[in-house]
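Residue-level structure breakdown
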Amino acid sequence: MSVESVSAQEFAHESLSVLRHVTESGRDEVARAAELIADCVRSDGVVQAFGTGHSQAIVLELAGRAGGLVPTNRLSIADLVLYGGDSPAVLDDPLLERKPGVAERIYELAAPRPQDLFVVISNSGVNNVIVEMALHAKAHGHRILAITSLTHTRAVPAGHPSGKKLADLADVVLDNAAPRGDALLQLPGGGSVCALSTLTGVMLAQMTVAEAAAQLLASGERPPVYVSANVPGGFESNLELEKRYAGRIRRTAS
């Protein structure tokens with residue numbers, strides 16, 4: 001590959017090609033994923049979304065943003081500090097995501113109800129805390145929607161002692177079609193640049209929300225959706241909608 005092939009236009013061309021593939025090939029799985037979300041909303045459940053690292057960008061697409069569903073909750077390793085009383089210094093531990101029991105604590109701090117759906121997001125699908133969260137949610141009877149790269153997860157060994165990967169534990173898997181290692185453009189002499197999973201993950205997340213809203217509308221139910229707080233009356237409208245889920249959804253500034 002030449003230096004000239006590593007460019008803004010090449011990334012746009014290649015990533016748009018993958019996005020077209022994702023939107024066309026993933027229709028059936030998106031419909032199944034949307035059914036999980038619609039069923040959760042109908043049963044007065046909350047969508048509990050969890051990811052680490054850059055997967056948190058897709059979590060933010062699902063939980064608490066304008067145009068998104070109100071019954072959504074963002075789970076994060078930072079919850080150990082924000083809600084669990086741990087010192088902020090614990091977040092400096094580079095091995096924190098590999099320590100057993102972390103996901104269980106995050107789960108307990110959220111206090112989910114049985115009808116809650118867990119959306120677990122990880123490009124590799126092998127991170128210890130990711131697999132532990134899926135295992136813990138599954139053990140408590142929750143249904144699980146995964147957003148992951150099947151190419152990457154099939155190319156690397158399991159990191160959790162169970163030998164399981166995220167894709168093994170989910171009721172529905174949405175494949176973000178990112179390459180092994182995530183970066184899309186190969187560099188001359190080896191290596192690659194420009195990660196893809198955020199683009200495709202956001203597309204899959206928003207497609208699923210759109211389809212879930214369509215399913216709710218088809219059954220005569222109005223989806224509980226956030227209005228931008230930056231339009232007149234939006235903030236007040238959102239507060240009214242959130243009352244139904246008081247104590248079950250958490251909104252932080254970051």
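Below is a summary of the structure that appears in this document.

To continue, consider the sheet that holds strand S3 (residues 117-121). Across the sheet, which stays open at both edges, the 5 strands sit in the order S2-S1-S3-S4-S5 with parallel pairing between neighbours. Since the sheet does not close on itself, it has two edges, and those belong to strand S2 (72-75) and strand S5 (172-175), each with one partner. Pairs of neighbouring strands in the sheet enclose a mean axial angle of 20 degrees, with direction left out of account. The pairing of strand S1 (residues 47-51) with S2 spans 4 bridges and is classified as parallel. Counted as the bridge partner of Phe50 is Leu75 from S2. Here helix H5 (residues 102-110) sits on the sheet and contacts S1, S2 and S3; the angle it forms with S2, its principal contact strand, is near 145 degrees.

Under the criterion given, the structure shown has 13 salt bridges. Across the pair Arg42 and Asp39 runs a salt bridge, and its minimum N-O distance is 2.9 Å. With a gap of 3 residues between them, Arg42 and Asp39 both fall in helix H2 (residues 27-42), about one helical turn apart. On the basis of relative accessibility, which here comes to 34%, the residue Arg42 falls in the partly exposed class. Judged by relative accessible area, which is 24%, Asp39 ranks as partly exposed.

Another aspect to go through is the packing of H5 against helix H6 (residues 128-139). If you want to describe how two helices pack, look at the angle between their axes and the distance between the axes. The N-to-C vectors of H5 and H6 enclose an angle of 50 degrees; their axes lie 8 Å apart at closest approach. One way to sum up the angle between H5 and H6 is to call them oblique. Crossing geometry of H5 relative to H6 is assigned as right-handed. Contacts from Val102, Ala103, Glu104, Ile106 and Tyr107 in H5 reach Val129, Glu132, Met133, His136 and Ala137 in H6. Here the contact of H5 with H6 is composed, by residue class, of 7 nonpolar, 1 polar and 2 charged.

Now for the side chain of Ser124. Among the secondary structure elements, Ser124 is positioned in the loop between S3 and H6. Once you skip the residues sitting within four places of it in the chain, Ser124 turns out to touch Thr148, His152 and Thr153.

As paired elements, strand S6 (residues 183-186) and strand S7 (residues 192-195) share 3 bridges and run antiparallel to each other. Within S7, the position partnered with Gln186 by the bridge is Ser192. The hairpin turn running from S6 into S7, its antiparallel successor, is 5 residues long, and Gly189 in that turn takes a positive phi close to 85 degrees.

Another aspect to go through is the packing of H2 against helix H9 (residues 197-218). Interaxial distance between H2 and H9 falls to 8 Å at its minimum, and their mutual angle equals 55 degrees. On the basis of the axis angle, H2 is oblique to H9. Relative to H9, the crossing made by H2 is right-handed. Contacts between H2 and H9 involve Val30, Ala31, Ala33, Ala34, Glu35, Ile37, Ala38, Val41 and Arg42 from the former and Leu204, Met207, Thr208, Glu211, Ala212, Gln215 and Leu216 from the latter. The residue makeup of the contact of H2 with H9, split by class, is 11 nonpolar, 2 polar and 3 charged.

This brings us to helix H1 (residues 8-25). Compared with an ideal rise of 1.5 Å per residue, which puts 18 residues at 26 Å, H1 spans 26 Å between its outermost C-alpha atoms and is within 8% of the ideal. Residues of H1 that are buried: Phe11, Ser15, Val18, Leu19 and Val22. Viewed along the axis of H1, the buried residues span an arc of 105 degrees, placing them on a single side of the element. Structural note: H1 exposes Gln9 and Glu24 on the side pointing more than 90 degrees away from its buried face. In this fold, the buried residues of H1 make contact with S5, S6, S7 and H9.

With that out of the way, let us pick up the nonpolar core. Grouped together as the largest cluster of nonpolar side chains are 32 residues, with contacts concentrated most on Ile37, Leu62, Leu117, Val119, Ile121, Leu145 and Leu174. In this view, Leu174 contacts Glu29, Val30, Ala33, Leu145, Ala146, Ile147, Thr148, Leu204 and Thr208; residues no more than four positions away in its chain are not counted. Ranked by size, the runner-up nonpolar core spans 25 residues in total, among them Phe50, Ala103, Ala134 and Leu169.

Cut-offs applied
- Numbering of residues begins from 1 in every chain and follows the order in which that chain's sequence is written.
- With pLDDT at 70 or above as the cut-off, local features in this predicted model cover only qualifying residues; side-chain atom pairs require 80 or more to be listed or tallied, and sums for whole chains, interfaces and linings still use all residues.
- Here the side-chain values reflect all heavy atoms present in the structure, with hydrogen atoms and water set aside.
- Any two strands between which DSSP finds at least two bridges are classified as paired.
- Per the convention used, a helix needs a DSSP run of H or I reaching at least four residues, while a strand needs a run of E reaching at least two, with both numbered from the N terminus.
- Every angle, taken between N-to-C directions, lies between 0 and 180 degrees, and every axis is a line fitted to C-alpha atoms, over only the stretch in contact when it is a helix.
- Contacts were defined at the residue level, with two residues in contact if any of their heavy atoms lie within 4.5 Å.
- Criterion for a salt bridge: a side-chain nitrogen of Lys or Arg within 4 Å of a carboxyl oxygen of Asp or Glu.
- Relative accessible area decides the class of each residue, using a 1.4 Å probe on protein chains only: under 20% of the type maximum gives buried, over 50% gives exposed, and in between gives partly exposed.
- Roughly parallel means an angle under 35 degrees; roughly antiparallel, over 145; roughly perpendicular, 65 to 115; everything else is oblique.
- Crossings are sorted by hand: turned counterclockwise from the far helix by less than a right angle, the near helix makes the crossing left-handed, and turned clockwise it makes it right-handed.
- Under the scheme applied, nonpolar residues are Ala, Val, Leu, Ile, Met, Phe, Trp, Tyr, Cys and Pro; charged residues are Asp, Glu, Lys and Arg; polar residues are all the others, including Gly.
- To estimate how far a helix should reach, multiply one less than its number of residues by 1.5 Å.
- The arc in question is formed by the directions pointing from the helix axis toward the C-beta atoms.
- As used here, the term nonpolar core means buried Ala, Val, Leu, Ile, Met, Phe, Trp, Tyr and Cys residues forming a set that is joined through side-chain atoms within 4.5 Å.

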